[in-house]
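Residue strings, one per chain:
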Amino acid sequence: MIREWSSFQKSNIVVESRLNELNGNKDCYMKGIFIQAEQRNLNERVYPLNEITNAVMTLNERIKRGGSVLGECDHPDTLTVNLDNVSHMITEMFMQGADGIGTLKLLPTPKGQIIRSMIESGVKLGVSSRGSGNVDHRGHVSDFEIITVDIVAQPSAPDAYPTPIFESLYKTCGHRLVENMQDMAN
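So, a few notes on the structure that sits alongside this text.

The rules behind the values
- Residues numbered from 1 in each chain as written.
- Predicted model: local features only at pLDDT ≥ 70, side-chain atom pairs only at ≥ 80, totals over all residues.
- Heavy atoms only, no water.
- Salt bridge = Lys/Arg side-chain N within 4 Å of Asp/Glu carboxyl O.
- Helix = DSSP H or I, 4+ residues; strand = E, 2+ residues; numbered from the N terminus.
- Buried < 20%, exposed > 50% of the residue type's maximum accessible area, 1.4 Å probe, protein only.
- Core = buried A, V, L, I, M, F, W, Y, C linked by side-chain atoms within 4.5 Å.
- Contact = heavy atoms within 4.5 Å.
- Pairing = 2+ DSSP bridges.

1. A word on the pattern of salt bridges
- Summed over the entire model, instances satisfying the criterion amount to four salt bridges.
- With a closest N to O distance of 3.1 Å, R130 and E72 form a salt bridge. Taken as a pair, R130 in strand β7 (residues 126-135) and E72 in strand β4 (residues 69-72) lie far apart in primary sequence, 58 residues in all.
- Look at E72 and you get buried, because its relative accessible area is 1%.
- Among the charged side chains, a salt-bridge network with shared partners connects E72, R130 and D150.

Following this line, the structure appears as structure tokens:
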């Protein structure tokens, strides 16, 4: 099993909330760098660009075909997604240079609520890809497949460290009103 971690604080992640018209609650999304290529990470692995590109394209195709890509609160020791630990679902991934950029939606599950509470309290969380592949003696990864991206406390992706932006979006007479996260918590 291969794990790639990236900090929430430094992962160019945008947290975006909007009012869910079905249940009256605000949906919460996180956007940003989920994985990086061509750099040695803190786990001493290097993911070649072609490996990351193929893995991201394959994952995004799964999403486009209607498959749910669920992620967990923290990394388990297996590749199997445990429904008891699901906190979010990945809604898209794409490549931007050597970075795999993604969007995830926090779910109203117990673990999703824990993650949401931490974010609203100012906790800086990371994201980490979970997948399978081969690692050679130099730490280079081949035959990589992303299973999901989990939310973690300790990331390892080397350059995914920008500051998060918190905002909430509401539909108001066809316009979108942007508020900061502090107003949303009130």
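That covers the picture; the talk isn't over yet.
2. Section: the environment of D84
- Inspection of the secondary structure assignment puts D84 in the loop between β4 and β5 (86-96).
- The spatial distance from the C-alpha of D84 to the C-alpha of C73 is 9.8 Å, given a sequence separation of eleven residues.

3. Describing the nonpolar core
- In terms of nonpolar packing, the biggest core is built from 26 residues, with I90, M93, L104, L106 and F144 touching the most fellow members.
- Listed by contribution, the elements that provide at least two residues to this core are β3 (26-36), α1 (49-64), β5, β6 (99-106), α2 (110-120) and β8 (141-152).
- The contacts of M93, once residues within four sequence positions are left out, are F34, I35, V56, L59, N60, G100, I101, G102, I146 and V149.

4. Re the pairing of β5
- Two elements, β4 and β5, share four bridges in a ladder whose sense is antiparallel. Bridging from a neighbouring strand, G71 pairs with H88 of β5.
- Two strands pair when backbone bridges link them, and β5 and β6 are joined in this way by eight bridges, in the antiparallel orientation. Bridging across to β6, E92 finds its partner in T103.
- The antiparallel pairing of β5 with β6 creates a hairpin that spans two residues between the two strands, and G97 there sits at a positive phi of about 65°.

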